[in-house]
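Each chain, letter by letter, is given below.
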Amino acid sequence: MALLADPDAPTEIAQRMARTLSARLADKSDQGRRFDVEVVSEPFTSGTEDPPTLMRRIMDRGSAENWDIVVALTDLPLHSRGRRLAVNLNHAHGLALLSLPSLGGLRLQTRARRAVEEAVLGLAGPHTTGAEGPPRSQPLEKGTDDLRYVVSGPRGYLRVLLGMVRANRPWRLVPGLSKALAAALATGAVATVNSTVWILAASLSTPRLVIAMVGSVALMIGWLIVDADLWHRSAESSPEARQRARLYNTSTVMTVGIGVLVCYVGLMVINWVWALFILNDQVFASATRSPLHAEEYWTLSWFVASVATVGGALGSGLESDEAIRAAAYSKREQERRRTLQDDHGDQPSK
């Protein structure tokens, strides 16, 4: 059997899974069957999100390699008849297509392993209509060969959304925005030694500091999305297309938001350390008419982090759009968006 995985995160998950998958399948198989697992990394979802098309590609790949069972893993969210697809099984040809975002954002490796084990054991055994899908999924439709499981309802939507955000790995946004971070750090370093900033920080109440934080973070998120053209615009007007667009845009806002918040916390800590090193009690007290205590250090660091985040938003304009997309999205999502842009660019103007 083979684990056919999209590049990046799906391949990493498949490779970790393959280390113990053979033994686990052999232990769980009632027939004492032996499973030789091969991991193949290739972009089988390139250019399409249509499950039937993907199943045909998987079938062709499996036939070419004479694989008995093929389980394909992708980090793209898939849809079938307006529902969010979790897994598509084809018992006749021994195929399974698993959408990793449908498993949620927590304990992904464990959930993916369980889903793959259930799919393989179901495909290797007799074809029954009661084959199990991933946890909290339900059958959508059963044709001659295919059995599809979907996640539905608000909880299903949230699971897919969290899975998409995890697939984008928002923590990569921090090192991916080097120019923006450099601008933010420079802004913070200068602001920390500015007496006017000291006076402002000392005079601001907690609600105003919160407003400054929310405003600066929102500005950074909005600027990154607009400047790098991260907002998804569907060329179709169908309800399903609009639903997909909302899902993609929500995941974009959450991905960028988490990355910006991580940057904000990092700036706050760095500014606090810088303030501990550089500030003088007497100079600070003469400017603000208040002593320099721990509360003043944190208040100043908090306010300076907001100022520095605004500076980082301006500095992000120096980043290329490709660099921001590479930091914000998984490889499959980047390719999907490039394909959409190419398709829109090929359309004749009216």
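Throughout what follows, the structure given in this document is the object of discussion. Nothing here was measured: the structure is a model prediction, and the numbers come from that model.

### Quick word on the overall build of the protein
Consideration 1: Each helix and strand counted, the protein has 13 helices and eight strands in total.
Consideration 2: For the protein, the proportion of its 350 residues judged to be buried stands at 47%.
Consideration 3: Considering only contacts within the protein whose residues lie at least 6 apart along the sequence, 77% involve residues at least 24 apart.
Consideration 4: When the accessible surface of the protein is split by element, carbon and sulfur atoms take 56% of a total near 16,700 Å².

### A word on a nonpolar patch on the surface
Consideration 1: Residues Val193, Trp274, Phe277 and Ile278 make up a contiguous nonpolar surface patch of about 390 Å² in total accessible area.
Consideration 2: Structurally, Phe277 can be placed in helix H9 (residues 239-278).
Consideration 3: We classify Phe277 as exposed; its relative accessible area is 67%.

### Description of helix H2 (residues 51-65)
Helical geometry: 3.6 residues make up each α-helical turn, so side chains three or four residues apart lie on a common side.
Consideration 1: If you check H2, its first and last C-alpha atoms are 21 Å apart, about what 15 residues at 1.5 Å a residue would give, namely 21 Å.
Consideration 2: When we look at burial in H2, the residues that qualify are Pro51, Thr53, Leu54, Met55, Ile58 and Gly62.
Consideration 3: Phi turns positive, to about 60°, at Asn66, one or two residues after H2.

### Points about the packing of helix H8 (residues 206-227) against helix H11 (residues 294-315)
Consideration 1: Where H8 meets H11, the closest approach of the two axes is 9 Å, and the angle between their N-to-C directions is 20°. Between H8 and H11, the angle falls in the class roughly parallel. In the packing of H8 onto H11, the handedness of the crossing is left-handed. Across the interface between the two elements, Thr206, Leu209, Val210, Ala212, Met213, Ser216, Val217, Leu219, Met220 and Trp223 from H8 touch Thr299, Trp302, Phe303, Ser306, Thr309, Val310, Gly312 and Ala313 from H11.

### Some words on the side chain of Ser251
Consideration 1: Position of Ser251 among the secondary structure elements: in helix H9.
Consideration 2: The class for Ser251 is buried, based on a relative accessible area of 2%.
Consideration 3: Reaching out from Ser251, the side chain makes a polar contact with the backbone oxygen of Tyr248 at a distance of 2.7 Å.
Consideration 4: Apart from the residues within four sequence positions on either side, Ser251 is in contact with Leu161, Met164, Val165 and Asn168.

What counts, and at which threshold
- Residues numbered from 1 in each chain as written.
- Predicted model: local features only at pLDDT ≥ 70, side-chain atom pairs only at ≥ 80, totals over all residues.
- Heavy atoms only, no water.
- Helix = DSSP H or I, 4+ residues; strand = E, 2+ residues; numbered from the N terminus.
- Buried < 20%, exposed > 50% of the residue type's maximum accessible area, 1.4 Å probe, protein only.
- Contact = heavy atoms within 4.5 Å.
- Areas by Shrake-Rupley, 256 points an atom, 1.4 Å probe, with all protein chains shown as cover.
- Patch = residues over 30% accessible without salt bridge, like charges linked within 9 Å, V, L, I, M, F, W, Y side chains within 5 Å.
- Salt bridge = Lys/Arg side-chain N within 4 Å of Asp/Glu carboxyl O.
- Expected span 1.5 Å × (residues − 1).
- Axes fitted to C-alpha atoms, helices over the stretch in contact; angles between N-to-C directions.
- Parallel < 35°, antiparallel > 145°, perpendicular 65-115°, else oblique.
- Left-handed = near helix turned anticlockwise from the far one by under 90°.
- Polar contact = N/O pair within 3.5 Å; in protein donor to acceptor, adjacent residues only side chain to side chain.

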